[in-house]
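Single-letter residue listing:
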Amino acid sequence: MKSLRTLSEVARDIRSIRIQGARRIARAALEALVSTAQKSKAKTKNELYQQLLSAAKTLESTRPTEPMMRNSLEDSLRFILAWTRTRPSKDVKDMKSALLSHHSSFIDKMHESINKIAKFGSAEIPHGANILIHCHSTTIIKILQKAYDEGKNPHVTCLETRPLYQGRLSARELSEYGLEVNLTVDSASGSLISKMDLVLVGADAITAEGDLINKIGTFTLAQLAHTHSIRFLCAAEIYKYDPLTRFGRAGPIEERGVSEVWGSGLYAKEKAGKNSISIPKKLKVLNPAFDRTPANFISAYITEEGLIPPAQLAILAEKKLEIGE
Ligand code: RUB
């Protein structure tokens, strides 16, 4: 088995966006949980469980707007707690193996879900459709690759996605796969929207109201699509649902570092005069990583269970996550 990434490596890479996108983040966090168990010198099952709880807490704190990571970690913790309680005769070594095999079946389920989403998503793409996408979502990439494999010949326009340019990653992956791809700046969306048949985005979180939390700029795109009567679809595994939002907690929007905005592009190079690298003393640079798109702007969620209207997403998700009344 290839060596697993450690807790500190994964936490560092999620914080710095080397690991980005909700699914990759969830997957890496689970890997770090398993590697915490593998490396642990705990003598008792309770000691190991406490170490896993603390690792999960560290991981969850790396990106607050990631319920898929939280739901996946909680699933593993719930599993291991139930396993420990029902198998008193087993030891720490057995507990580590149980976590490892739970992890591989969870990853298999993630594969199954993404393949189903790709199939349902591709079915929504008309032949030769012009599609606008934002940021980098492994789910959207998979749908578009599937549509391409099915001979639908989609034409994709990727928005660059300031400040960290994840849209370039999407553009590269799709064009290397063989699709016809354009890349443009975020602010071109208004002038391009009328040529589009579909806007497709991923999800970081879905609230109890069916609202979508995704990369900053998603809300603007949804409004544009709405104004032009263009379908706006979001593809997401049901694990993106944030159960905390049903208690009225508005998901916190992550505010990222100023240097991502000021320290890139022209401003990355030290320049004299007005373009100087230093930020003017009284200037406050804002860098919200995500925004919230109200449910009424979303035509449907493409999930592993098929196309779901935003108003029904929470009911389905609470069943799947086994959340009681
Ligand atoms: C990525 C982003 C993606 C979602 C879904 O933001 O907003 O649309 O995470 O991705 P960032 P996936 O680059 O800041 O993490 O479909 O891969 O889960």
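The preceding data block contains the structure.
On a predicted model such as this, the values are computed, not experimentally measured, just so you know. All chains use their own residue numbering, which begins from 1 and follows the written sequence. In view of the model being predicted, local features appear only for residues whose pLDDT reaches at least 70, and side-chain atom pairs are presented and counted only at 80 or more, with totals across whole chains, interfaces and linings using the full set of residues. Each side-chain value is worked out from all heavy atoms of the structure, with water and hydrogens disregarded.

Caption draft 1: Structural detail: the pattern of salt bridges. Salt bridge, as used here: a side-chain nitrogen of Lys or Arg that lies within 4 Å of a carboxyl oxygen of Asp or Glu. A full pass over the atoms with the stated rule returns 17 salt bridges. Linking Glu 176 and Arg 172 is a salt bridge whose minimum nitrogen-to-oxygen distance equals 3.7 Å. Pair noted here: Glu 176 and Arg 172 are both in helix 7 (residues 166-177), with a separation of 4 residues, about one helical turn. The two residues Glu 176 and Arg 172 agree in class, both being exposed. Between Glu 254 and Arg 256 there is a salt bridge, and its shortest N-O distance comes to 2.7 Å. Residues Glu 254 and Arg 256 agree in their burial class; the two are buried. When salt bridges that share partners are traced, they join Arg 63, Glu 254, Arg 256 and Glu 260 into one network. The numbering of helices and of strands both runs from the N terminus, where a helix is a DSSP run of H or I of at least 4 residues and a strand a run of E of at least 2. Three exposure classes are used, based on accessible area relative to the maximum for each residue type with a 1.4 Å probe and protein chains only: buried under 20%, partly exposed in between, and exposed over 50%.

Caption draft 2: Quick peek at the site of the ligand. We define proximity as follows: a residue is near a molecule or strand when any one of its heavy atoms falls within 4 Å of that partner. In the region of the ligand, 17 residues are neighbours, and Gln 20, Ser 137, Thr 138, Thr 139 and Lys 215 sit closest. Contacts described as polar in this section are N or O atom pairs within 3.5 Å, which, within protein, must combine one atom able to donate a hydrogen with one able to accept it, while residues neighboring in sequence count only if both atoms come from side chains. Within the contact set of the ligand, an oxygen atom lies 2.8 Å away from a backbone nitrogen or oxygen of Arg 23. Within the side chain of Thr 138, one N or O atom sits 2.6 Å away from an oxygen atom of the ligand. When isolated, the ligand has an accessible area of 460 Å², and the protein chains bury 100% of it. Elements with a minimum of two residues in the shell around the ligand: helix 2 (22-39), helix 6 (138-149) and strand 6 (212-215). In this classification, the charged set is Asp, Glu, Lys and Arg, the nonpolar set is Ala, Val, Leu, Ile, Met, Phe, Trp, Tyr, Cys and Pro, and all remaining amino acids, among them Gly, are polar. Split by residue class, the shell around the ligand holds 3 nonpolar, 9 polar and 5 charged. Per-residue and other accessible areas follow the Shrake-Rupley method at a 1.4 Å probe size, with only the shown protein chains counted as cover for residues.

Caption draft 3: Structural context of the sheet that holds strand 6. The pairing criterion for strands is at least two bridges between them, as found by DSSP. Here 3 strands make up an open sheet; going across it, the order is 5-6-8 and the pairing antiparallel. Looking at strand neighbours, the two that pair on one side only are strand 5 (205-206) and strand 8 (290-293), the edges of this open sheet. Sheet topology note: the strand 5/strand 6 ladder contains 2 bridges and is antiparallel. Counted as the bridge partner of Ile 206 is Leu 212 from strand 6.

Caption draft 4: Expanded view of the nonpolar core. Ranked by internal contacts, the top residues of the largest apolar core, which has 63 residues, are Leu 52, Met 69, Leu 73, Val 199, Leu 212 and Phe 232. Looking at this core, the element that brings in the most residues is helix 2, giving 9 residues. Here, the term nonpolar core denotes a set of buried Ala, Val, Leu, Ile, Met, Phe, Trp, Tyr and Cys residues that are joined through side-chain atoms within 4.5 Å. Among the nonpolar cores identified, the runner-up in size contains 21 residues, and Ile 141, Val 156, Leu 200 and Ile 302 belong to it.

Caption draft 5: Molecular detail of the environment of Met 69. With respect to the helices, strands and loops of the structure, Met 69 is situated in helix 4 (residues 67-86). Measuring from C-alpha to C-alpha, the distance between Met 69 and Leu 30 comes to 7.9 Å, with 39 residues separating the pair along the chain.

Caption draft 6: A look at the packing of helix 4 against helix 5 (residues 92-123). The convention used is that axes are lines fitted to C-alpha atoms, helices contributing only their stretch in contact, and that angles between N-to-C directions extend from 0 to 180 degrees. As a packed pair, helix 4 and helix 5 sit with axes 10 Å apart at the nearest point and diverge in direction by 140°. Here helix 4 lies oblique to helix 5, going by the angle between them. As helix 4 runs across helix 5, the sense of the crossing is right-handed. On helix 5, the residues touching Met 68, Ser 72, Asp 75, Ser 76, Phe 79, Ile 80, Trp 83 and Thr 84 of helix 4 are Asp 94, Met 95, Ala 98, Leu 99, His 102, Phe 106 and Met 110. Grouping the amino acids of the contact of helix 4 with helix 5 by side-chain chemistry returns 9 nonpolar, 4 polar and 2 charged. Oblique is the label for any angle not under 35 degrees, not over 145, and not in the 65 to 115 range, which are roughly parallel, roughly antiparallel and roughly perpendicular in turn. Each crossing gets its handedness from the near helix: less than a right angle anticlockwise from the far helix is left-handed, clockwise is right-handed. Contacts: residue pairs with any heavy atoms within 4.5 Å of one another.

Caption draft 7: View of the sheet that holds strand 4 (residues 198-201). Spatially, 3-2-1-4-7-9-10 is the arrangement adopted by the 7 strands of the open sheet, whose pairing is mixed. If you trace the sheet from one side to the other, it starts and ends with strand 3 (180-184) and strand 10 (306-308), each paired once. Across this sheet, the average inter-strand angle for adjacent strands is 25°, counted without regard to direction. As paired elements, strand 2 (residues 155-159) and strand 3 share 5 bridges and run parallel to each other. Its bridge partner lying in strand 3, Thr 157 is registered against Asn 182. Of the strands in this sheet, strand 1 (130-134), strand 2, strand 4, strand 7 (231-235) and strand 9 (300-303) touch helix 6, which is tilted by about 135° from strand 4.

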